[in-house]
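What follows is each chain in one-letter form.
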Amino acid sequence: MGLNAVDLLVIAAYLVGVTLFGLRFRRKERTLKGYFLADNTIPWWAISLSIVAAETSTLTIISVPGLAYEKDFRFLQLVIGYLVGRIVVSFVLVPQYFRGQLVTAYQLIDRRFGGRLRSLTAGLFLVTRAAAEGVRVFAVAIVIRVALGGLLTGLSDLSRDVVAIALVTVLTLIYTFEGGMAAVIWTDVVQLTIYLAGSVVALFSIVHLVPGGWPEIHRVAAEAGKFRFFDLSINLSTAYTLWAGVIGGAFLTTASHGTDQLIVQRLLSARSERQAKAALLSSGVAIFFQFSLFLLIGAVLFVFYKMFPPVRPFTRTDTIFPTYIVSRLPHGLSGLLISAILAAAMSNLSAALNSLSSTTVVDFLARIWPLSEEARRVQLSRRATIAWALLLFVLALLARNGGKVLEMGLSIASVAYGALLGVFLLGVLTKHASERGAMLGMVLGIGLNLYLWLFTSIAFTWYVVLGSAATFLVGYSASWLLRHTGTAQSNLRSAGGKS
């Protein structure tokens, strides 16, 4: 059917409404803690929902159903690892973050190792988060291209993508710029509610349209193996096996939720360490049910399009869910569902902008001008937010030539996470690891993950496991060798002096 004026009105109302809602939290912040941590006034349940929203982007909503449509439910094995990783972060890393007045994760590295390694870890976060976020923002263009294809017939694909990405980026920037972390978290809560409610509505609508309803859907999907959950095979080239899911997913989440400023900043916004742990652990349960919902939508869509084949075969699975929304749902409801997908995009983008800005200012600019007034730092933070919005816009356009957006985004992030997690574990679990040793380990960990990504068929789910292990072992060994070499040289100099 395509979208009509009613759908466009719903989308416009959502975009304006959520922007105005975010602006409600506008206030004249005078401290970095107020701007980036909301003065520790956010309750645990809001942080929990915000964490779920922050790790759920547009590419999640459109790509995860595509995984079940094309394959089955084996992606949930990775989500089991997500739950394990949250437990590790809660008991190993969260207590460290609440010892002192920290604003970013990388201040912990400074406290344990020193400024050089802090700059290296913070810089790695900025580069890889920006690259991964560019892929996520590009997913918005996929949705808009499908949703507004009839209205944008006079534009080239590039022009359509520019319009779509610019629209979402500008509106998200407005409330993130003005309201800081408070605006980010509370709009996350609203946007999460919108896209989950929209997804549930979409699921019931598909079930209603299939002759025979759920019993027939279950029969056809089960015969096609769509509900397959476990894969016990041992193959490093397969992304979704039980071992890759539980082990790789646990390492991935320990890194993303324990060393990535995007999530750590939310935990630091909690009222206490106990509330931060409650937020993190409860978000794991919510994530499991959320991914189950998206995969179920994909399986149901498989049955639907088996009975009602599309006019043109799908060339990429990322377009299946948006295509159904635009072509099969009643007007008004289509607009609501497109708004729900845009909600996820804006939620994730606002989180990225705030975390990139906080790391830029706290870990770099504030150290260059350590005597700057707090008001001046907040002003710099807002300017940094604008700069990152412009850069993410450019990176999103560059991501147009990539492959499957979900796995591409996860692969980019995983390359950095291995080295970051290895360094953080060196700092928390060992007493004798040195800054020089940790830096050597980190360089090797990054090099190994780049090699695995670019030159091998090893699945991205193993990148963090192998990268963090290499970083930890090399970093600890190098620290031991450097310490004993230094001691031996010192003894030789002392002996020479006595003789």
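Residues numbered from 1 in each chain as written. Predicted model: local features only at pLDDT ≥ 70, side-chain atom pairs only at ≥ 80, totals over all residues. Heavy atoms only, no water.

Take the overall build of the protein chain next. Helices and strands together make up the secondary structure of the protein chain, namely 19 helices and 0 strands. The C-alpha radius of gyration computed for the protein chain amounts to 24 Å, which stays within 12% of the reference 23 Å derived for 499 residues, consistent with globular compactness. For the C-alpha atoms alone, the extent of the protein chain along its principal axes is close to 95 × 55 × 45 Å. Residues classed as buried in the protein chain amount to 58% of the 499 residues present. In the protein chain, of all internal contacts separated by at least 6 residues, the share reaching a separation of at least 24 is 86%. A total accessible area of about 19600 Å² is found for the protein chain, and carbon and sulfur atoms account for 67% of it. When the 41 positive and 23 negative side-chain charges of the protein chain are each reduced to one mean point, those points stand 7 Å apart. (Helix = DSSP H or I, 4+ residues; strand = E, 2+ residues; numbered from the N terminus. Rg over C-alpha atoms; globule rule 2.2 N^0.38 Å. Buried < 20%, exposed > 50% of the residue type's maximum accessible area, 1.4 Å probe, protein only. Contact = heavy atoms within 4.5 Å. Areas by Shrake-Rupley, 256 points an atom, 1.4 Å probe, with all protein chains shown as cover. Lys, Arg positive; Asp, Glu negative; His and termini not counted. Charge placed at Lys NZ, Arg CZ, Asp CG, Glu CD.)

Bringing the environment of A279 into the picture now. Its location among the elements puts A279 in helix α13 (residues 273-307). Look at A279 and you get buried, because its relative accessible area is 0%. For A279 and L267, which are 12 residues apart along the polypeptide, the C-alpha to C-alpha distance reads 7.7 Å. Apart from the residues lying within four places of it in its own chain, the contact partners of A279 are W44, I47, S48 and I51.

Core analysis: the biggest nonpolar cluster contains 160 residues, and F75, Y97, Y195, L301 and L342 have the highest contact counts within it. The leading source of residues in this core is helix α9 (residues 157-209), at 18 residues. Residues in contact with Y97, not counting those within four places in the same chain, are L102, A105, L108, G258, T259, V264, L268 and F424. (Core = buried A, V, L, I, M, F, W, Y, C linked by side-chain atoms within 4.5 Å.)

Two elements in contact, helix α3 (residues 44-54) and helix α12 (residues 261-268), have axes whose closest approach is 10 Å; the angle formed by their N-to-C orientations is 170°. In terms of axis orientation, α3 runs roughly antiparallel to α12. On α12, the residues touching I47, S50, I51 and A54 of α3 are L262, I263, R266 and L267. (Axes fitted to C-alpha atoms, helices over the stretch in contact; angles between N-to-C directions. Parallel < 35°, antiparallel > 145°, perpendicular 65-115°, else oblique.)

Over its 17 residues, helix α5 (residues 76-92) extends 25 Å from the first C-alpha to the last, a length consistent with the 24 Å expected when each residue adds 1.5 Å. Regarding α5, the residues found buried are L76, Q77, L78, V79, G81, Y82, G85, R86, V89 and S90. Tucked into the core, α5 has its buried residues touching α3, α6 (94-97), α11 (242-258) and α13. (Expected span 1.5 Å × (residues − 1).)

We now examine the packing of aromatic side chains. Under the definition given, this model contains 21 aromatic pairs. Between the aromatic rings of Y35 and F36, the centroid separation amounts to 5.1 Å while the plane-to-plane angle is 70°, which identifies the pairing as edge-to-face. Centroid distance F304 to F308: 5.2 Å. Interplanar angle 45°. Geometry classified as tilted. Using a relative accessible area of 1% as the deciding quantity, one classes F304 as buried. The exposure class assigned to F308 is partly exposed, which follows from its relative accessible area of 30%. (Phe/Tyr/Trp six-rings, centres within 6.5 Å; stacked < 30°, edge-to-face > 60°.)

We now examine the pattern of salt bridges. On inspection of all chains with the given rule, the structure shows 14 salt bridges. When the shortest N-O distance is used, the salt bridge between D363 and R118 registers 2.7 Å. Here the residue D363 occupies a position in helix α15 (residues 333-368), and R118 occupies one in helix α8 (residues 115-147), the gap between them amounting to 245 residues. Residue D363 shares its accessibility class with R118, and that shared class is buried. Residues R219 and E216 are paired through a salt bridge, measuring 2.6 Å at the closest nitrogen-oxygen approach. Within this pair, R219 and its partner E216 are both found in helix α10 (residues 213-223), separated by 3 residues, close to a single helical turn. Looking at R219, the relative accessible area reads 39%, which means it is partly exposed. (Salt bridge = Lys/Arg side-chain N within 4 Å of Asp/Glu carboxyl O.)

It is worth spelling out helix α1 (residues 5-23) at this point. A rise of 1.5 Å per residue sets the reference length of α1, with its 19 residues, at 27 Å; its end C-alpha atoms lie 27 Å apart and thus fit the reference within 8%. Where α1 is concerned, the buried positions are D7, I11, Y14, L15, V18, T19, G22 and L23. Looking down the long axis of α1, one finds its buried residues gathered within 165° of arc, a one-sided arrangement. The exposed set on the far side of α1, more than 90 degrees from its buried face, consists of A5, L9, V16 and L20. Here the buried face of α1 lies against α9 and α15. (Arc of directions from axis to C-beta.)

The N-to-C vectors of α1 and α9 enclose an angle of 90°; their axes lie 7 Å apart at closest approach. By the angle between their axes, α1 is roughly perpendicular relative to α9. Seen from α1, the contacting residues are Y14, L15, V18, T19, F21, G22 and L23; seen from α9, they are L167, L171, I174, Y175, E178, A183, W186, T187, V190, Q191 and I194. Among the residues making up the contact of α1 with α9, the classes are represented as 13 nonpolar, 4 polar and 1 charged. (Nonpolar A, V, L, I, M, F, W, Y, C, P; charged D, E, K, R; others polar.)

Let us now look at a nonpolar patch on the surface. On the surface, a cluster of nonpolar side chains totalling about 560 Å² of accessible area is made up of F230, L232, I234, W243 and I247. Of note, I234 is situated in the loop between α10 and α11. Look at I234 and you get exposed, because its relative accessible area is 78%. (Patch = residues over 30% accessible without salt bridge, like charges linked within 9 Å, V, L, I, M, F, W, Y side chains within 5 Å.)

These results come straight from atomic positions and should not be treated as a statement about function.
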